[in-house]
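Coordinate analysis (summary)
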Amino acid sequence: MTILAVGAAGRFAGNVIPALAQRNARVRGFVRKPEEIAQVREHGAAETAVGDLRDRASLDAALKDIEAVFYIAPAFMAEEAEVGKGLVNAAIRAGVRRLVFSSVIHPVLSVLGNHIAKAPVEEAILTSKLEYTFLHPSRFYQNYEAFWPKVIETGVLAEPWSAETRFSLVDYRDIAEVAAIALTEDRLLYGTFELCAPGWHNRHDVVTLLGEVLGREIRERRDPGVLGEVGPGQRTMFEHYDHYNLLGNPLTLRAILGHEPRSLKVFFEELAAGAR
């Protein structure tokens, strides 16, 4: 079976290729730029296809002789719902058997465009007759990589929302492991799985962990401009996070993996050691 990994050079989908390679699966990495081919090959892809999700011809070519697809949408992509539905239609045309969709926790949150855009894609899959698995991961540990240089330089973790807001978090490598199971086994078929690591962390909790890992005091600050110029979708998300938690339960991820999910502290230790 050949599996197409969409966004194979991305920060998140890029973790799915090694997880599949560990299971001896044959992976075709779908990338947008030719210069990304070498990176995807190094991660374990046996084949690559270059194209654009909005371009029917390149999508059809990428899906030729594919039996299963892993799909995660680029973050805050314009017309995300339509692009996702286009991928589903292309998978049907190509005779794909299975689609694993890395969606988002709580896709019913209509105020958040990056959440609600996932719902029409899920609906398209549900009415497609494809085999499917929906992954609903919480906020990723990997998002802290964007803040890391400033934390090291200033001793401050600054984020654009309230320090009191609590999040369920998860390492995307654990999501990649679940995706690999869903693509190569049948035990997760037709399931919708909320995927979170243990803990409901606010920024006070996070800076405490950072202090333990780095061996010095780390302070926190609310800074709406810390990430520079962002689009309206991200601004809306930050405003929502300023007032509301984003929480889930770790039971499902623990059960699927058969072991404890990676902890946030271990993730920070890897960052501190330069292993990320």
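As annotated in an unreviewed UniProt entry, the chain carries the name NmrA family protein and comes from Mesorhizobium opportunistum.

**Some remarks on the layout of surface pockets**
In this structure, the largest pocket spans a volume of roughly 1200 Å³. Counting residues per element, the ones that place at least two in the lining of the largest pocket are strand S2 (26–31), helix H4 (80–94), helix H5 (113–116), strand S7 (139–140) and helix H10 (232–241). Of the residues forming the lining of the largest pocket, the biggest block, 4 residues, is contributed by H10. Volume-wise, the second largest pocket comes out at about 290 Å³. Considering the residues around the second largest pocket, the lining is formed by 16 residues, among which Asn15, Pro18, Ala19, Gln22 and Arg173 are closest to the centre. Among the secondary structure elements, those contributing two or more residues to the lining of the second largest pocket are helix H1 (16–21) and helix H8 (172–184). Among the elements that line the lining of the second largest pocket, the one with the most residues is H8, at 4 residues. Its residues placed into classes, the lining of the second largest pocket shows 5 nonpolar, 6 polar and 5 charged.

**Some details on the side chain of histidine 240**
Note that histidine 240 resides in helix H10. When residues no more than four places from it in sequence are discounted, the contact partners of histidine 240 are Leu109, Val111 and Leu112.

**Examining the packing of aromatic side chains**
All chains considered together, the criterion is met by 15 aromatic pairs. Judged by centre distance (4.8 Å) and plane angle (75°), the rings of phenylalanine 140 and tyrosine 172 are edge-to-face. Placement of phenylalanine 140 in strand S7 and of tyrosine 172 in helix H8 is noted, with a sequence separation of 32 residues between them. Per residue, the accessibility class of phenylalanine 140 equals that of tyrosine 172, and both read buried. When the ring of tryptophan 161 is compared with that of tyrosine 241, the centres are 5.1 Å apart and the planes differ by 90°; the resulting orientation is edge-to-face. One end of the pair, tryptophan 161, is in the loop between strand S8 (156–159) and strand S9 (169–170); the other, tyrosine 241, is in helix H10, with 80 residues separating them in the sequence. Look at tyrosine 241 and you get buried, because its relative accessible area is 4%. Among the aromatic residues, ring-to-ring pairing joins Tyr71, Phe101, Tyr132, Phe134 and Tyr190 into one connected group. When the ring centre of tyrosine 144 is taken as reference, the NZ or CZ atom of arginine 139 above it lies at 5.3 Å.

**Quick word on the pairing of strand S3 (residues 47–50)**
By the alternation rule, side chains of S3 split into Glu47 and Ala49, which are all buried, and Thr48 and Val50, of which none is buried. Two elements, S2 and S3, share 4 bridges in a ladder whose sense is parallel. Residue valine 31 lies in a different strand from S3, and its bridge partner there is valine 50. Remark: the S2/helix H2 (residues 37–42)/S3 crossover connection has right-handed handedness.

**With respect to the nonpolar core**
In this structure, Leu20, Phe70, Tyr172, Val178 and Leu195 are the most contacted members of the largest nonpolar core, which totals 37 residues. Mapped by element, the contributors of at least two residues to this core are strand S1 (2–6), H1, S2, strand S4 (68–71), H8, strand S10 (192–195) and helix H11 (251–257). If we ignore the near neighbours within four places in the chain, the residues touching phenylalanine 70 are Leu4, Ala5, Val6, Ala13, Val16, Val100, Ser102, Tyr172, Ala179 and Leu183.

**Things to note about the packing of H4 against helix H6 (residues 118–126)**
In the contact formed by H4 and H6, the axes pass within 8 Å of each other and the chain directions differ by 20°. In terms of orientation, H4 and H6 fall into the roughly parallel class. The two elements H4 and H6 cross, and the hand of that crossing is right-handed. Contact with H4, carried on its side by Glu80, Ala81, Gly84, Lys85 and Val88, involves Lys118, Pro120, Val121, Ala124 and Ile125 of H6 and no other residues of that element. Counted by class, the contact of H4 with H6 contains 6 nonpolar, 1 polar and 3 charged residues.

**Looking at empty space enclosed by the protein**
According to the stated counting rule, one finds 1 cavity of 30 Å³ or more in the structure shown. What the largest cavity holds in volume is close to 40 Å³. Around the largest cavity, the lining residues are Arg139, Tyr144, Glu159, Trp161, Ser162, Ala163, Thr165, Phe167, His201, Asn202, Arg203 and Val206. In terms of residue class, the lining of the largest cavity is made up of 5 nonpolar, 4 polar and 3 charged.

**Points about helix H9 (residues 203–214)**
For H9, spanning 12 residues, the distance from its first C-alpha to its last is 16 Å, which sits close to the expected 16 Å at 1.5 Å a residue. Within H9, the full set of buried residues consists of Arg203, Val206, Val207, Leu209, Leu210 and Gly211. Along its buried surface, H9 packs onto helix H7 (148–154), S8, strand S11 (219–222) and helix H12 (264–272). Taking the backbone nitrogen of histidine 204 as reference, a side-chain oxygen 3.0 Å away marks asparagine 202 as the first, capping residue of H9.

Cut-off values and rules
Residues numbered from 1 in each chain as written. Predicted model: local features only at pLDDT ≥ 70, side-chain atom pairs only at ≥ 80, totals over all residues. Heavy atoms only, no water. 1 Å grid on protein atoms, 1.4 Å probe; cavity = no way out; pocket = protein on both sides within 12 Å on 5 of 7 lines; lining within 4 Å. Points joined across faces, edges and corners; volume = space filled by probe spheres on them. Helix = DSSP H or I, 4+ residues; strand = E, 2+ residues; numbered from the N terminus. Nonpolar A, V, L, I, M, F, W, Y, C, P; charged D, E, K, R; others polar. Contact = heavy atoms within 4.5 Å. Phe/Tyr/Trp six-rings, centres within 6.5 Å; stacked < 30°, edge-to-face > 60°. Buried < 20%, exposed > 50% of the residue type's maximum accessible area, 1.4 Å probe, protein only. Lys NZ or Arg CZ within 6 Å of the ring centre and 35° of its normal. Pairing = 2+ DSSP bridges. Right-handed = clockwise from strand over helix to strand, strands pointing away. Core = buried A, V, L, I, M, F, W, Y, C linked by side-chain atoms within 4.5 Å. Axes fitted to C-alpha atoms, helices over the stretch in contact; angles between N-to-C directions. Parallel < 35°, antiparallel > 145°, perpendicular 65-115°, else oblique. Left-handed = near helix turned anticlockwise from the far one by under 90°. Expected span 1.5 Å × (residues − 1). Polar contact = N/O pair within 3.5 Å; in protein donor to acceptor, adjacent residues only side chain to side chain.

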